[in-house]
Every structure is written in C-alpha cells, then in structure tokens.
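# Residue-level structural notes
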Amino acid sequence: MPLSLRPALRLALALLLAHCALLTAHAQAPKTYTSSEILLGLKKLNVLGSVMYIAAHPDDENTRLLAYFANGRQLETSYLSCTRGDGGQDLIGPELREQLGVIRTQELLAARRIDGAHQYFTRANDFGFSKTSAETFTIWDKEQVLSDMVWVIRQRRPDVLITRFPPDARAGHGHHQASAILAAEAFDAAGDPKRFPEQLKYVQAWQPKRLYWNTGSYFVKPGENMDGYLKLDAGGYNPLLGQSYGEIAARSRSSHRSQGFGAAAQRGEAIEYFQFVKGTPAKADLFEGIDQTWDRVPGGAAVGKMVEEVIRKYDASNPSASVAGLEKVFQGLASLMIGNKDYFWIREKLEEESVLTQACVGIYAEATVSEPTLTSGGEATVTYDILNRSGLPIKLEQVRLARMHFIGDATTITLDGEGLDPKQAAELSTGKHATGIIPLKGFNNVLISQPYWLREPGSVGMYKFTEPESDYLSITHFVRGQPENGPVATATFRYAVGENRFKSITVPVQYKHTDPVLGELYQPLVIVPPVMVNIPPARAYVFADQQPKQVPVTLRAGQAGVAGSLALQVPSGWQAEPATVAFNLQNKDDEQTVNFMLRPLASAAEGKSELRAVATVGTDKYSRGIQQIIYPHIPTQTLFPEATAPLVKLNVARGHTKTIGYLMGAGDEVPEALRQLGYAVTLLNPATDLTAAHLARYDAVVLGVRAYNTLEQLKTHQPELLKYVENGGTMLVQYVVNRGTILPQIGPYPLTLSNDRVTVENTPVTFLTPSAPVLNTPNKLTPADFATGWVQEQGLYYPSAWDTHYQAVIASHDPGEADKQSAILVAPYGKGRYIYTGLSLFRELPAGVPGAFRILANLVESQPHPPTPSPAGEGEPRLHAK
C-alpha cells in the first residue's frame, strides 16, 4: 500500500527529493548499474561517514586514496580543488587560460566518475606558477577563497579533512602551500558560527573531527623513519568492482590528458602516510571515534537493520527483488524526519535509496532534443522515453520539465507546466516503453550556458559570479563550489513500482545523435544568442606601418531569420572599412563572413589596444561568439567568448628571414603571430618534412612548445634538424618540459633542462651581452620589451646548466632569488645558429604584448655567423651551471 504521511512530512520529503542529484551525469549517456555495483551501493547505504581531500589544482589529488575511501570504505568522498588549473600548459591542444580551465574541470569530473568521489572548487583563479604562499595571497582574495572552502565543508560535512601538501616550502608551488594553509584555517572556521555567518541561512556550522596531511616519500628526507606517521594500506582489491584501488586510480589519473598524466596501474600493497595537523589525534585509524553507523542519527538504528536485511536477501540475478525491502528503508527514512532537526544524513540516504531503487528496477529514462542548440527565447520539442526492464509493473504518472533561468545576474530553476497530464500516464509491463513530447521554452538570457564562473569579468586571481537572492532558496540553488553548470533543462519522471508510493527520476535534457564512427553520443543542450559574432581566436593584429590588414568576422545564426548590421568598434586613430555591413541569415546555423579592412592612421597610439565586433539586431546588440571545445575524453564544451582581439601598433622590423617552417609541438598560436609580422609560415609534417633537403627552403625553423615532449619523430630526425643548422639555418626551440623528453639532449651541445622559471611577469631584465645579435638585429631591443605588459609569467623550464658553446643573453629573477641566465641560449653551430628559449612567448603573443613580437622577430632572424667546429672535433663538453 502507498505510504501515508502527514502533509507537512510529505512536503519535507518532496523538498529533500528535489535536492537529489541527477541520476544521469551532465552530457553522459543514462547511467546503468551492474548487479555488483548495486550491492556496493547497498553497502554504502549503511555507512554514514564523510571525508574531504583538499589541494590546489587538477591532478594534485591522490586518486588511489579517493578510490579506496569511496569504494573500499564506502564513505562520502570529495576532492576540493582551490583552482581549475587555468594557468597550466596544454599537452593536447592550443587552449590556454579559461579554455584550459574548462578542459581540466571536465577531466576532473571524468576522474571522479571513475574513482567514485565528488568534485568541488573555490573561485580562485590559477594565475600561473607561484613560488610562495605569500605571493599567492597577494593575488588571491584569501578571505573569499577561505569562505568558499568553509561553504563546501559546511555543505558536505566531512568527518575528516586531508591535505595533499604541507603549508611550507616543501610543497613547492605557492598554490600548494596556500591550499594547506587555507585548509587549516577552514577546519576551525567551518565550526565557528561567527565566521561567515551569512552562510548559516542555508547550511549549519560544522566541525570536522580531525585534519591530517597525506605525506609521502616525496616530502620527507631520504631514510627518514616513518614510524611516527599514521598508516593505511590503500592498495586492496575490490571483488565487486573486479579491480584494485591502484587500478581504479590509474584510470582516474589518466583522465588528465591535457597534462600528459597517463598512469600505469599499481597492484598490491600501497601504504599511505598521514601526519596529524589539527583536531583530535587518531592512534590507529583516520576515522576512529567517529560513529559511521545509523546510530549517529537519533532513531536510525532501525533503518540500519532494514538495510542489513536488504543486503542479506540481495539476489544478484534478480535485483528487482530488493525493491520491496528498499521501500521499507524509505519508510524508515521518512519516519526519521519526525523529531529530527538535522536532516543531512537522511537527505543523503534518501538520494541513495532513490538511485538504488531505480537501479534495481532497471528503469531507463532519457529526455532528448533533435538539435544541440536552442536560442534564448526560442522553443524546442523534448522527446522523453522511459523503459521498464524489470519483471515488476511500473506506473508512470507524469513527466515534467524544469528549466534554468536568470533572476537578475544569477541563475535558478523554474518548473514548466502545472498539475498532471493524463496523456502521460501509462502502465509499463516488462520491456515496455512510454514516450512522448513536451515543448521547452522560456529561457531568458543568452549566457545561461556560459560556465557560471566565466559570465562576469573576474580578476587575475579570482573568478566572479552572482548568487540568487531570495528568502525561498535552498542550498541547491547555489553554484558556489560546484564544478559546472547544472543542465539548462531537466525532465522528472514520476512513477510507482507496483502498489508502492510514487518516486522520481530526474535526467538532463540532452542532444542525442549517432556518429558513424563513435556511435551514440550525448551533448549538453546549449542556449545560444540569436546571432553569434566570431573573431579568429588567439589572434592579435599587429601593425608595423599604416598598411591595412584584413579582419574576418564570422556571423552565425542562432535562429532562423535573423537580420541586422555588423560593425567593428576600434580605438581613436584607427579606421575600419566598411563602417557597417548589413546581414540577413535565413536559416539557423547559417554563417556569413565579413572581411573588414583595418589600418592605423598617423594619429594611432603606439602599443596595445582592442577591437570589438558588434552585431545589431533591432535594438539589441550582440558581441559574443561561440567556441566549442571537442575532445573524445570529455563532453563537448561550449563557450561564448567576447568578440574582441588585441590591436598592436609597434615599431618592429623584419630582417633577412622571409620564410619559416613551423613544427607544432603540443599546440600553440605562435604561427599566427609570425604571419602577423609578415613571415610566410608553413606548418611542417613531422613524418615527411624533417629532412635537411626539405628544411633548406626555409630561412628559419621554429619548434613549438613541448615539441621534444610530444613528437616521437624527433628521435630519428634530430640529426637532420642539426644538419639544417650546420648548413646555415636558424633553429628556434621553445620551452621543453624537463620530464618526459624523447631525447636525452635536445641541442647540438649539452644542456640540462630544469623546472626553473621566472614567475613575476614584469620582473626587470638585465642584458648580459648587450652586443649580442639576438638583442640588436633586426630590432634594437630594450629591457622593457621583456617586461612591459607581459602576462602570467616571464618564462619557464629554463636550463640549469649548459655547455660553454651556448651564449646566455639575458638575466632576470623573482624576488629574493638569484639571477636566472638561461631564458635565451644561443649557440653558433656550423654556419647557422641554434636558440633555446623558455620565454613564455606562447602566452604573450596571443595576448598582444608588443615586446614579445619584437623579441620573436629577432629570434627567427637568419644571419651569417662565423663557422664553428662540428661536435665530432670537440673535446669533452663543458657545462656552465647557473
């Protein structure tokens, strides 16, 4: 018989069930469960414990430990990363900054789907490598990051906090140090109602039991006695999953493809070490003294016994036989609502029970649209489908849509439709579907699909977003701490199994299509503007004279029948022709490219400024494009970047070099910068073009970032490249990561790569050899060229030692450090010259930094050099240490 509950209790349960997470991950095929996964879930239903791991970046987390906690101990397990990794390098493509942060966010979510933990963030922006926590806190808003960390702790209520890093120089990166410092402060602040009291309207103060540091051999001195540390073996085997936690961790960590962190599986004993930091010390186990049974909820012991009974009777060949027992568990949970003021674990377990019931019944439910985009203000048709794959009768009562919309600058959720639609009701016997269509409309903002932390301009150190304000909001309305936007629309299926009470399944509305190679694919439904305005990404327009350059702007229709005008907005002293261009796009997704001719007038100021493309439709103006990030290991991501580009007017000369062969490494936008300077650039095929005979047609050859980390062909073709230099060519090698090089030596003479870098982007530069040709030809460089307007860092992966054939050209250093002298190393070789540079030109050029273009022109300059002996006639190499 259906459960009879008092109206107030029924309302409370409805609110709790509305809190439940989607049963289908965003932009993923509907989740299905094996019998062993269901049994693991049933075991977890009887564990009321939580742990949170805290560090600074994607990939900092200990995936083996997360897999062990989530699957071995069945704990609520989460990873809180201070940043999204926006300031790192990209091994798989040219994306940097915000785009890279989006990729790494999705890689973390992919990792969590494997290891079973949950993912959270603060709004701290990864501004690049930092050497101290003091520097980090001058750029991050420490109090705001702490507030975010406290919010997530109060929301998830972990019994134990664990940090990846120590709070001092042993952690290396300043962000690492800062994450440990903040974790210790958040441990105290989360339980103090006087700290961040504005949060207590939605969450309760929460004091974790203890804080430990997950240390290891990389943080201790060789031979140090580890007996004083708390230990646990995280290398066990989980027979329900058929994998060890080391095997799960390897798959999880290998999700970080943009960082090249593919990992080998580890099997067998794996001891983890922990050092006490705060709270109540543990003697033998991290969770000792913490009740993880139903006894921690007043009156909950009876529920625990019910769950034990379901586990005892579980039939792996017929999971649907457990539905009746799970219904009793639900009734027990419902009864706990009466007289309990703390609903945290009841709410968590209601969510788990709902998922387990759906898994046991084998219900398949999805809601799809026929196109990947919908215009704000437009309408689409949602097709829903629910399938009964069990032997139990199912009654579908209703399918209801909910959509995201804006209140002011913040997003919230609105339900579409009122009451029940009798046409949707259906009786589903084994193997039967219920399908139908529902109109979807009412989206009121063109930025609904923009990642929430990118909707508003932030700062170098912090992202910014606006939360909704209302007396009727619950914690589910807030995006703070969340890894990504919720789906723009969801479908909730209200159903009953047999004579039991009605339950709900909520799934995202997604675009489903079939790829002829990859098969069935799902993408997020994306809300787009009526018209999008695209300027080529990562391109700065560089003018050394008053000759005009073409600026292509591509319009794309978000809906059919959109017409208006397009113009370029440029600074005073610049001229764009034509002034405006009319457009009329008849069909959705139609594109039209308009080529403007842009030139600086005599009055144009030297330096960097900005152009913007603006489309006008009626009285509305649109100045955002659309950018899709598509990689096979993450769901398709859609961004709406501003239709702007840097304008650079500068005094820059080109010398003898006219033609350049560019060998792409991990991916960068340097070839476009070279073209803007007027060079004829050809992208080289590493399989066919790396012969001395072919390379001889170029005045200079440039290797892209991390080429010696990513191109296996360089193992065999390196001699051909050096032969090109010996015959008179100029070869420029951009930074190479000091780990994972495909050759032990990347130059004609020995040099030792390192992790040395200069992180303060505008630090002063000293010329070590002012007469060096690379500083004087074809442009007379000044120290300002290396510092003024630079972004994020000056350079990275500088060699720590080099043969005396290399000439060090410039020196600079971060505060409190000795000079780094290997940002540019020049070695005459035969008739040509070989140059290694760690300068972050791959960042500075797309950002339109004027000095970076002048430096680049000098680095690729071909000019005669006195011949030098080949290595065959040399004695022992002589290394110069920094």
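Residues numbered from 1 in each chain as written. Predicted model: local features only at pLDDT ≥ 70, side-chain atom pairs only at ≥ 80, totals over all residues. Heavy atoms only, no water.

### Some details on the overall build of the protein
- Of the regular secondary structure elements, the protein holds 18 helices and 46 strands.
- Since a compact globule built from 882 residues should have a radius of gyration of about 29 Å, the 30 Å found for the protein is in line with a globular shape.
- For the protein, buried positions account for 59% of its 882 residues.
- Counting contacts in the protein only where the partners sit at least 6 residues apart, residues at least 24 apart contribute 76% of the total.
- Total accessible area on the protein stands at roughly 34700 Å², and carbon and sulfur atoms take up 52% of it. (Helix = DSSP H or I, 4+ residues; strand = E, 2+ residues; numbered from the N terminus. Rg over C-alpha atoms; globule rule 2.2 N^0.38 Å. Buried < 20%, exposed > 50% of the residue type's maximum accessible area, 1.4 Å probe, protein only. Contact = heavy atoms within 4.5 Å. Areas by Shrake-Rupley, 256 points an atom, 1.4 Å probe, with all protein chains shown as cover.)

### Thoughts on the packing of helix α3 (residues 63–72) against helix α8 (residues 245–253)
- In the contact formed by α3 and α8, the axes pass within 8 Å of each other and the chain directions differ by 120 degrees. Here α3 lies oblique to α8, going by the angle between them. Considering only the axes of α3 and α8, their crossing is right-handed. Across from Thr63, Arg64, Ala67, Tyr68, Asn71 and Gly72 in α3, the residues of α8 making contact are Tyr245, Gly246, Ile248, Ala249, Ser252 and Arg253. (Axes fitted to C-alpha atoms, helices over the stretch in contact; angles between N-to-C directions. Parallel < 35°, antiparallel > 145°, perpendicular 65-115°, else oblique. Left-handed = near helix turned anticlockwise from the far one by under 90°.)

### Quick look at the packing of helix α2 (residues 35–44) against helix α9 (residues 301–313)
- The interhelical angle for the contact between α2 and α9, taken along N-to-C directions, is 160 degrees, at an axis separation of 9 Å. When the axes of α2 and α9 are compared, the pair comes out roughly antiparallel. The two elements α2 and α9 meet at a crossing, and its hand is left-handed. Residue-level inspection shows Leu39, Leu42 and Lys43 of α2 in contact with α9, the latter providing Val307, Val310 and Ile311.
- Counted by class, the contact of α2 with α9 contains five nonpolar, no polar and one charged residues. (Nonpolar A, V, L, I, M, F, W, Y, C, P; charged D, E, K, R; others polar.)

### Considering the packing of aromatic side chains
- Enumeration over the complete set of coordinates arrives at 19 aromatic pairs.
- Their ring planes at 80 degrees and their centres at 5.1 Å tell us that phenylalanine 344 and tryptophan 345 sit as a pair that is edge-to-face.
- You can call tryptophan 345 buried: its relative accessible area is 8%.
- Ring centres of tyrosine 452 and phenylalanine 465 lie 5.1 Å apart, and the angle between their planes is 85 degrees; on these two criteria the pair is classed as edge-to-face. On the criterion of sequence distance, the pair formed by tyrosine 452 in the loop between β16 (433–441) and β17 (489–497) and phenylalanine 465 in the loop between β16 and β17 is long-range, its members being 13 residues apart. (Phe/Tyr/Trp six-rings, centres within 6.5 Å; stacked < 30°, edge-to-face > 60°.)

### Considering the sheet that holds strand β5 (residues 210–215)
- A sheet is described by the order of its strands in space; here seven strands give the open sequence β3-β2-β1-β4-β5-β9-β6, paired in mixed fashion. What marks the edges here is a single partner per strand, and that holds for β3 (118–121) and β6 (230–233). Averaged over all pairs of adjacent strands, the angle between strand axes in this sheet comes to 30 degrees, irrespective of strand direction.
- Alignment of strand β1 (residues 50–55) against strand β4 (residues 160–163), held across four bridges, turns out to be parallel. Bridging across to β4, methionine 52 finds its partner in leucine 161.
- In the packing of helix α6 (residues 142–156) onto the sheet, the strands contacted are β1, β2 (76–81), β3 and β4, and the crossing angle to β1 comes to about 165 degrees. (Pairing = 2+ DSSP bridges.)

### Focus on the pairing of strand β32 (residues 644–649)
- With respect to burial, β32 is a largely interior element, five of its six residues being buried.
- Summarising the sheet, strand β22 (residues 541–543) and β32 pair through three bridges and their orientation is parallel. Looking across to β32, one finds that phenylalanine 543 is bridged to lysine 649.
- Relative to β32, strand β28 (residues 607–617) runs antiparallel, the two being bridged by six bridges. Residue pairing across strands places serine 609 opposite leucine 647, the latter belonging to β32.

### Some words on the pairing of β16
- Of the two faces of β16, the one lined by Ala434, Gly436, Ile438 and Leu440 is fully buried and the one lined by His433, Thr435, Ile437, Pro439 and Lys441 carries no buried residue.
- Pairing geometry for strand β12 (residues 379–387) and β16, over nine bridges, is antiparallel. Paired with threonine 381 across the two strands is proline 439, which belongs to β16.

### Some details on the confidence of the model for the protein
- The predicted model of the protein averages 89 in pLDDT, with 91% of residues at 70 or higher.
- Note on residues 1–9: pLDDT is under 50 here. Beyond four places in sequence and across chains, it has 16 contacts. (pLDDT = per-residue confidence, 0-100.)

### Some points on the nonpolar core
- Among the nonpolar cores identified, the biggest contains 83 residues, and Tyr708, Leu714, Phe786, Ile810, Leu839 and Leu856 are the most heavily contacted of them.
- Per element, the largest residue contribution to this core is six residues, and it comes from helix α18 (residues 850–859).
- Those residues in contact with tyrosine 708 that lie beyond four places of it in its chain are Leu703, Leu714, Gln718, Leu721, Met731, Val733, Val736, Gly740, Thr741, Ile742, Leu743 and Ile746.
- Counting residues in each nonpolar core, the second largest holds 58 residues, with Phe330, Leu356, Ala365 and Ile438 among its members. (Core = buried A, V, L, I, M, F, W, Y, C linked by side-chain atoms within 4.5 Å.)

### Some thoughts on the pattern of salt bridges
- Here the structure, examined in full by the defined rule, presents 37 salt bridges.
- One salt bridge in this structure joins glutamate 397 and arginine 494, with 2.2 Å as the shortest N-O distance. Of the two residues, glutamate 397 sits in strand β13 (residues 394–407) while arginine 494 sits in strand β17, which places them 97 residues apart along the sequence. (Salt bridge = Lys/Arg side-chain N within 4 Å of Asp/Glu carboxyl O.)

### What about the side chain of serine 754?
- Within the fold, serine 754 resides in the loop between β37 (751–752) and β38 (756–758).
- Residue serine 754 is classed as buried on the basis of its relative accessible area, which comes to 9%.
- Of note is the side chain of serine 754, whose polar atom sits 3.0 Å from the backbone nitrogen of aspartate 756.
- Within the structure, the side chain of serine 754 is placed 2.5 Å from the backbone oxygen of tyrosine 798, a separation counted as a polar contact.
- Each residue touching serine 754, except ones within four places of it in the same chain, is listed here: Asn738, Tyr797, Tyr798, Pro799 and Ser800. (Polar contact = N/O pair within 3.5 Å; in protein donor to acceptor, adjacent residues only side chain to side chain.)

### A short note on α9
- Compared with an ideal rise of 1.5 Å per residue, which puts 13 residues at 18 Å, α9 spans 19 Å between its outermost C-alpha atoms and is within 8% of the ideal.
- Val303, Gly304, Val307 and Val310 are the residues of α9 that are buried. All buried residues of α9 lie within an arc of 120 degrees about the axis, which places them on one face of the element. Residues of α9 that are exposed and point more than 90 degrees away from the buried face comprise Lys305, Arg312 and Lys313.
- Considering only its buried residues, α9 is in contact with α2 and α10 (323–336). (Expected span 1.5 Å × (residues − 1). Arc of directions from axis to C-beta.)

### Re the sheet that holds strand β35 (residues 700–703)
- Spatially, the seven strands line up as an open sheet ordered β34-β33-β35-β36-β45-β44-β42, and their pairing is mixed. The two strands at the open ends of the sheet, each matched to only one other strand, are β34 (680–683) and β42 (807–808).
- Relative to strand β45 (residues 832–837), strand β36 (residues 730–733) runs parallel, the two sharing four bridges. Its bridge partner lying in β45, leucine 732 is registered against isoleucine 835.

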